[in-house]
Amino acid sequence: MSEHPDKKGIEAGSVSWEEGPVAKTLAKSPERREQFQTSSGAPMERLYTPLTGAGEPYMEQQGFPGLYPFTRGVQPTMYRGRFWTMRQYAGFGSAVETNERFRYLLEQGQTGLSVAFDLPTQMGYDPDHPMALGEVGKVGVSIASLDDMRQLFDRIPLDKVSTSMTINSTAAILLAMYVAVAEEQGVGSVGLRGTIQNDLLKEYVARGTYIFPPRPSLRIITDLFVHCKEHLPKFNTISISGYHIREAGSTAAQEVAHGIAYVQAAIDSGLEVDAFAGRLSFFFGCHNNFLEEIAKFRAARRMWARIMRERFGAKQDRSCSLRFHTQTCGATLTAQQPGTQSLHTNSRDEALALPSEEAVRIALRTQQVIAYESGVADVVDPLGGSYAIEAMTDQLEAEALGLIARIDELGGAVKAIEEGFAQRAIADASYEYQKSIESEERIIVGVNRFTSEETVQPNLLKVSEEVGRQSVERIRAYRSRRDEAQAQASLESVRSSARGTDNLFGPILQAVKAGCTTGEVSDALRDVFGSHQEN
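How should I be thinking about unusual backbone geometry in this particular structure?
If a residue is not glycine, its phi is most likely negative; likewise, a peptide bond is most likely trans. Between Tyr68 and the following residue, Pro69, the backbone shows a cis peptide bond with an omega angle of 10 degrees. Following the sequence through the fold, Pro69 ends up in the loop between helix H2 (58-61) and strand S1 (85-86). Here the phi dihedral of Phe70 falls at roughly 65 degrees; this positive angle occurs in a residue that is not glycine. Mapped onto the fold, Phe70 is located in the loop between H2 and S1. Positive phi outside glycine occurs at Arg155, with the angle close to 60 degrees. Summarising the element assignment, Arg155 is placed in the loop between helix H5 (146-152) and strand S4 (162-166).

Right, here's the structure in full:
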């Protein structure tokens, strides 16, 4: 740590400024509030100076883009080379309807696909299961069979597009269907590009779409790591999703203090860290506080690089580089006034329903204006070196590392979930945030200040109940056409592998090729692993 050459001058100038101009201004006109805070409740100073960062060596803290510790970016030229992947989240109703939306978005200039699945698909239920009643196609597309997956990607060449699938408990099943469809298109799995979310641990603390207990879920995740290392080398095997933790009400530091358990589980399964770490990806939200979010992304990159090298012994730079997708936070949308490496910008009507075609086009155009017209993509890490940004980056990293240390003390992430520590921490942060809104310490335009009596009636996308009825007929007809003996034998193979130690992906792939459905394969795994019951 080196001392700033003008340390004494800055200290004296700071005192003079505070006692002179600042004091006089405050005597005439007080500041808007006593204490300024980020969205996470972290204090924000009136002014940051070169002394705020305590003089840590530049090469250790910031360095250069594309080089360890990647604070300033994972690519040397970042967006000067090519823009981020513009990937609007889409999926509703039937596979046919969603396929039409996908092809529309690609025609409009989108550069990657992102699939939203309905709740029955996420929870491992077919459309004709009683638990699926009224939910088929509502919050995403219904994919219960290989036929559905064929329709979803009809006339979309899977060797030309990268696909992100927001799916967790049934991730292995949906990825198997995707691989099978690619094979039918003549595309080998080695050529497939994309991401499977596959982040089960955050389901127990944030989203709730879990099926199996945490430990069997980790087994399925690491089996995917092993299979994809050999057979889908260009596919990201997990999207470690702090996004959903933030949407549940966490702070920025809690959002990024997530992911270590997956690395440890993979190593414990016998994988070398450099054999799989380069295919780990992340998913973060972008909340309202501009400065905090920039600092968060920079802190996450640096922290992850150091964890991978110092804690897990990664030798390759790619293993240490944190690549992430960003989505503007749904928690920042208001129903009252609707308004990285890849990016999803929420549509103006997404607080109320799945986005309409018009709304999603505007959201995509917003990305394109930022990319092509704003100039922010023309300089690598343009706010790097800002005294405020650097200080907030250091602060966020320190807070996140403190949380990781506490989870380690408890015995790791799974133990912290089983004991309810993670859930309580997020609930406490969410409560404090909501309390600050209700007390008007935090202003949300259109919610607790600057409200309008005018009723906004956007043209919302509505999914017909007919989708559910047709899906029930479709899945029953699908089952009637298959070789029943072969289907049942393949389901027994899934159960047998689950009871033992064989990799689960191969039997699951054979099961979906044999005509087994999402619900049937999920039930086969439930037979062995059981279902998670929250304490």
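I tried to follow the packing of helix H13 (residues 290-311) against helix H16 (residues 387-410) on my own but got confused; where do I start?
Relative orientation and spacing of two packed helices are given, respectively, by the angle between their axes and the distance between those axes. Direction vectors running N to C along H13 and H16 enclose 50 degrees, while the axes themselves pass 8 Å from each other. With respect to their mutual orientation, H13 and H16 come out oblique. When you trace H13 past H16, the crossing you get is right-handed. Contact with H13, carried on its side by Leu291, Glu292, Ile294, Ala295, Lys296, Arg298, Ala299, Arg302, Met303, Arg306, Ile307 and Arg311, involves Ile389, Glu390, Met392, Thr393, Asp394, Leu396, Glu397, Ala400, Leu401, Ile404 and Asp408 of H16 and no other residues of that element.

What should I look at first to understand the packing of aromatic side chains in this one?
Aromatic ring pairs are described here by two measures, namely the spacing of the ring centres and the angle between the planes. Counting across every chain of the model gives 17 aromatic pairs. Between Tyr243 and Phe283, the aromatic rings sit 4.5 Å apart at their centres with planes inclined by 5 degrees, giving stacked as the arrangement. You can see Tyr243 sitting in helix H9 (residues 242-247) and its partner Phe283 sitting in strand S8 (residues 280-286), a full 40 residues away along the chain. An identical accessibility class is assigned to Tyr243 and Phe283; each is buried. Plain terms: the ring middles of Phe282 and Trp304 are 4.8 Å apart, the flat faces sit at 75 degrees to each other, and that makes the pair edge-to-face. Taken together, the positions of Phe282 in strand S8 and Trp304 in helix H13 put the pair 22 residues apart, joining distant regions of the chain. Taking the relative accessible area as the measure of exposure, Phe282 reaches 2% and is therefore buried. Among the aromatic side chains, those forming a connected cluster through ring pairs are Phe282, Phe284, Phe297, Trp304 and Phe324. Lying across the ring of Tyr68, Arg309 places its NZ or CZ 4.2 Å from the centre.

Just to check I follow, could you spell out the pairing of strand S9 (residues 324-328) for this structure?
Two faces make up the sheet, and in a regular strand the side chains alternate between them. In terms of burial, S9 is largely enclosed, as 4 of its 5 residues are buried. With 5 bridges connecting them, S8 and S9 associate as parallel partners. Within S9, the position partnered with Phe282 by the bridge is Phe324.

Conventions adopted
Here, residues in each chain are numbered from 1, in the same order as that chain's written sequence. Local features are withheld for residues below a pLDDT of 70 in this predicted model, meaning they are given only at 70 or higher, and side-chain atom pairs are given and counted only at 80 or more; totals for whole chains, interfaces and linings count all residues. For the side-chain quantities, the full set of heavy atoms in the structure was used; hydrogens and water were omitted. Strands are runs of DSSP state E lasting at least two residues, helices are runs of H or I lasting at least four, and both sets are numbered from the N terminus onward. Here, axes are lines fitted to C-alpha atoms. For helices the fit covers the stretch in contact, and angles between N-to-C directions go from 0 to 180 degrees. Oblique is the label for every angle not falling under 35 degrees (roughly parallel), over 145 degrees (roughly antiparallel), or within 65 to 115 degrees (roughly perpendicular). Here a crossing is taken to be left-handed if its near helix is turned anticlockwise relative to the far helix by less than a right angle, and right-handed if that turn runs clockwise. Contact between two residues is taken to exist if any of their heavy atoms lie within 4.5 Å; hydrogens are not considered. When two rings of Phe, Tyr or Trp (its six-membered ring) have centres within 6.5 Å they constitute a pair, described as stacked for plane angles under 30 degrees, edge-to-face for angles over 60, and tilted for the intermediate range. Note on exposure labels: buried denotes an accessible area under 20% of the residue type's maximum, exposed denotes more than 50%, and partly exposed covers the range between, all computed with a 1.4 Å probe on protein chains only. Here, a charge over a ring means that NZ of Lys or CZ of Arg falls within 6 Å of the ring centre while also lying within 35 degrees of the ring normal. Strands were regarded as paired on the criterion that DSSP finds at least two bridges between them.

Take it as geometry only, folks, not as evidence of what the structure does.
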